[in-house]
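# Observations on the three-dimensional arrangement
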Amino acid sequence: MNIFLHEIRAYGKSTFVWTVSLIALVLFFMSLFPSFAKDADQVNELLQTLPEALRKAVGIEIGHFTSILGFYSYVFMYISLCGAIQAMMIGASILSKEVREKTVDFLLTKPVSRTTIIVSKLSAAFVSIAITSLSFILCAYFIASYVKTETENFNEQAFFLLSFTLFFVQVMFLAIGVIASMLLPKLKSVLSLSLGVVFAFFFIGMFGSTVGEASVRYITPFKYFDSMYIIKNSQYEWSYVIVGLVWIIATFIASFYIYTKRDMNAV
Amino acid sequence: MNIFIRELKALRKSLVIWCLGILAMVAGGMSKYVATESSGQSINDLMASMPKAMQAIMGTGSLDLTTVSGYYGILFLYLMVMTTIHAVMLGANIISKEERDKTAEFLLVKPISRKQVIFSKWMASLIAIFVLNLVTFLISHLMVDYYNKTGESYVIEIAKLMGGMFILQLLFLSLGTSVAASIKHPKRAASISTAVLLIAFFLSMAIDLNENLEILSVFTPFKYFEAKDIISGTGYEAIYITVSALLVVVMTSYTFIAYEKRDLHI
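Read on for a plain summary of the structure. These numbers come from a predicted model, not from an experiment. (Residues numbered from 1 in each chain as written. Chains lettered and ligands numbered in written order. Predicted model: local features only at pLDDT ≥ 70, side-chain atom pairs only at ≥ 80, totals over all residues. Heavy atoms only, no water.)

### Some details on the overall build of chain B
The secondary structure content of chain B amounts to 11 helices and zero strands. Going residue by residue from the N terminus, the α and β elements of chain B occur as α-α-α-α-α-α-α-α-α-α-α. Considering chain B as a whole, with its 266 residues, one finds that 55% of them fall into the buried category. Sequence-distant contacts in chain B: of pairs separated by 6 or more residues, those separated by 24 or more amount to 75%. Element-wise, carbon and sulfur atoms account for 67% of the exposed surface of chain B, whose accessible area totals about 11,700 Å². (Helix = DSSP H or I, 4+ residues; strand = E, 2+ residues; numbered from the N terminus. Buried < 20%, exposed > 50% of the residue type's maximum accessible area, 1.4 Å probe, protein only. Contact = heavy atoms within 4.5 Å. Areas by Shrake-Rupley, 256 points an atom, 1.4 Å probe, with all protein chains shown as cover.)

Right under this line is the structure:
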């Protein structure tokens, strides 16, 4: 419990800064929505005049893009990018920092098992992320209700489902971070690694559709939840959720195994 | 000279990884061009008739998607993000890592001045960002050439884009070094300078979404050299060149001054 509280405190400030930044980001972008909505009306009129075939060729249903949920899902893409960076950084640093800062022998000579250490640390990371995600979702909801146009009501269920994917993406990147720090014992710069991995997945998601849509979507956590699908159907694509959960559990078990067996470099 | 060579060796591995990242990015991005191109002129007309904010969401801006150079212009924004992240982290890490790895005392008791240390590190970073820029140029040129079916050559446009990108890299490199040299806790140098970069990036996105924010362009380097201006032939804008040059000079000199007086945090 001491370790858990210590880690919560150690990450408290950074969790706070991340939470505030994510909320500020969504606030800033959503404040642009009212002027965007005016433009969007023109687009919708324009689209009505186009032949059906052409509308299909463009490949995206622009009607979804111009609604508040569509706009939010565009902004949300970048929110989850930031959230992923936060989660990956916590995951990669929470276990490896002891070795890097030469405090590992101090910690491991305490009368607690390594299992207790890893469980406390991972729950602390988990709680920090949960705090960020949940505060974000609440604030985003208030912001969205505030900026929506009077006539338009948005589907709240879809909104919450979409926002909740932030938490899922974060936990996945937390798992990636933890396993990365286990596999790279000499990790020095957590930030470089995290940014590299997160951006790599982000770009794969953006440009990956050439390799065949479905297979690429399993590679990058950013594509596990298709916002258009959620907006339309108000539910997740369960196969991706299951793959995600399996991946999370597998990495955590592997990390336990590696951490309890590892030969630590003392000072 | 020894520090310079030592740093170059230390940078080699990460530089190779970054180059591979750029390769994947350009190859992956351009391979989608075929799909866009085949859908033909109609997409272009559709995009052109849309409001600016809408184009921004689609990621096109006012670029001509059916030409290979226009399509490359979309990619260029992301290449810019990648290379500037490289530059800013390189700048922050190359200085702060001595304190992070607790080797600062070892280095600074050597019979060289702090100025020389920073100078060698600065030169090594300069080589690294230059190599990355050159590799990006080569890869871009080859990939664009590969998909280019017209007789026109785009080497000059790409070279111009890379020129703009290099200025941004310099800008963010000096941002990274100046933060690392002046901040109290060296551990935070990379995070803080990357945060500045991300804020600048999001600001540039917001400017795309709302024309009223245009006035803020000067605060975000990502608006200094835009693919659509350079490809369409407007070229660089004198004001942004001046601003960047000024910022680079100021931040670099500040790095030297601040590091000279720095109380090492070990």
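There is more to say after this.
### Notes on helix α1 (residues 2-31) of chain B
All names here are of chain B. A rise of 1.5 Å per residue sets the reference length of α1, with its 30 residues, at 44 Å; its end C-alpha atoms lie 43 Å apart and thus fit the reference within 8%. Within α1, the axis deviates most sharply at Arg12, by approximately 40 degrees. Listed in full, the buried residues belonging to α1 are Ile3, Phe4, Glu7, Leu11, Leu15, Trp18, Cys19, Ile22, Met25, Val26, Gly29 and Met30. (Expected span 1.5 Å × (residues − 1). Bend = angle between axes of the 7 residues up to and from the residue.)

### Some remarks on the state of the cysteines
This model, assessed by the stated rule, comprises zero disulfides over all chains. Take Cys82 of chain A: it sits in no disulfide, and the sulfur closest to it among the cysteines is that of Cys139 of chain A, at 16 Å. (Disulfide = S-S within 2.5 Å.)

### As for the packing of helix α1 (residues 2-30) of chain A against helix α5 (residues 68-94) of chain A
Residues and elements named next belong to chain A. Close contact between α1 and α5 brings their axes to 10 Å; oriented N to C, the two are set at 165 degrees. With respect to α5, the axis of α1 lies roughly antiparallel. The hand of the α1/α5 crossing is right-handed. Facing α1, whose interface residues are Glu7, Tyr11, Thr15, Trp18, Leu22, Leu25, Val26, Phe29 and Met30, α5 presents Ile68, Phe71, Tyr72, Val75, Ile79, Cys82, Gly83, Ile85, Gln86, Ile90, Ser93 and Ile94. Across the contact of α1 with α5, the residue classes tally to 16 nonpolar, four polar and one charged. (Axes fitted to C-alpha atoms, helices over the stretch in contact; angles between N-to-C directions. Parallel < 35°, antiparallel > 145°, perpendicular 65-115°, else oblique. Left-handed = near helix turned anticlockwise from the far one by under 90°. Nonpolar A, V, L, I, M, F, W, Y, C, P; charged D, E, K, R; others polar.)

### What about the pattern of salt bridges?
Scanning all chains against the criterion turns up 13 salt bridges over all chains. Between Lys121 of chain A and Glu7 of chain A there is a salt bridge whose closest N-O contact spans 2.8 Å. On the criterion of sequence distance, the pair formed by Lys121 of chain A in helix α8 (residues 114-147) and Glu7 of chain A in helix α1 is long-range, its members being 114 residues apart. By relative accessible area, which is 0% here, Lys121 of chain A ends up buried. Here Asp101 of chain B ties to Arg100 of chain B by a salt bridge, and the two come within 3.1 Å at their closest N and O atoms. By relative accessible area, which is 25% here, Asp101 of chain B ends up partly exposed. Salt bridges here are not isolated pairs; linked through shared partners, they connect Glu7, Lys97, Glu98 and Lys121 of chain A. (Salt bridge = Lys/Arg side-chain N within 4 Å of Asp/Glu carboxyl O.)

### Brief notes about unusual backbone geometry
Across the chain, the bulk of peptide bonds are trans and the bulk of non-glycine residues have phi less than zero. Positioned with a positive phi, Lys102 of chain A is a non-glycine residue whose angle comes to about 60 degrees. Inspection of the secondary structure assignment puts Lys102 of chain A in the loop between α6 (96-100) and α7 (104-108).

### Description of the nonpolar core
Core analysis: the biggest nonpolar cluster contains 169 residues, and Phe136 and Phe173 of chain A together with Met30 and Tyr72 of chain B have the highest contact counts within it. Setting aside residues no more than four positions away along its own chain, Tyr72 of chain B makes contact with Met30, Leu79, Ser140, Val144, Ile158, Leu161 and Met162 of chain B. (Core = buried A, V, L, I, M, F, W, Y, C linked by side-chain atoms within 4.5 Å.)

### Description of a nonpolar patch on the surface
Together, Phe16, Val17 and Val20 of chain A make up an exposed nonpolar region whose accessible area comes to about 290 Å². Looking at Val20 of chain A, the relative accessible area reads 41%, which means it is partly exposed. (Patch = residues over 30% accessible without salt bridge, like charges linked within 9 Å, V, L, I, M, F, W, Y side chains within 5 Å.)

### Quick look at the packing of aromatic side chains
Taken as a whole and assessed by the stated rule, the structure comprises 36 aromatic pairs over all chains. Between Phe159 of chain A and Phe160 of chain A the ring centres are 5.8 Å apart and the planes differ by 85 degrees, which places this aromatic pair in the edge-to-face class. Looking at Phe159 of chain A, the relative accessible area reads 1%, which means it is buried. The partly exposed category is assigned to Phe160 of chain A, whose relative accessible area is 32%. Measuring from centroid to centroid gives 4.4 Å for Tyr218 of chain A and Tyr240 of chain A, while their planes differ by 25 degrees, and the two rings are stacked. Taken together, the residues Tyr218 of chain A in helix α11 (residues 213-219) and Tyr240 of chain A in helix α13 (residues 238-261) connect sequence positions 22 residues apart. Residue classification places Tyr218 of chain A among the partly exposed positions, given a relative accessible area of 34%. The residue whose ring lies beneath Lys110 of chain A is Phe106 of chain A, and the NZ or CZ to ring-centre distance is 3.9 Å. Cation over ring: Arg114 of chain B sits above Tyr259 of chain B, and NZ or CZ is 5.8 Å from the ring centre. (Phe/Tyr/Trp six-rings, centres within 6.5 Å; stacked < 30°, edge-to-face > 60°. Lys NZ or Arg CZ within 6 Å of the ring centre and 35° of its normal.)

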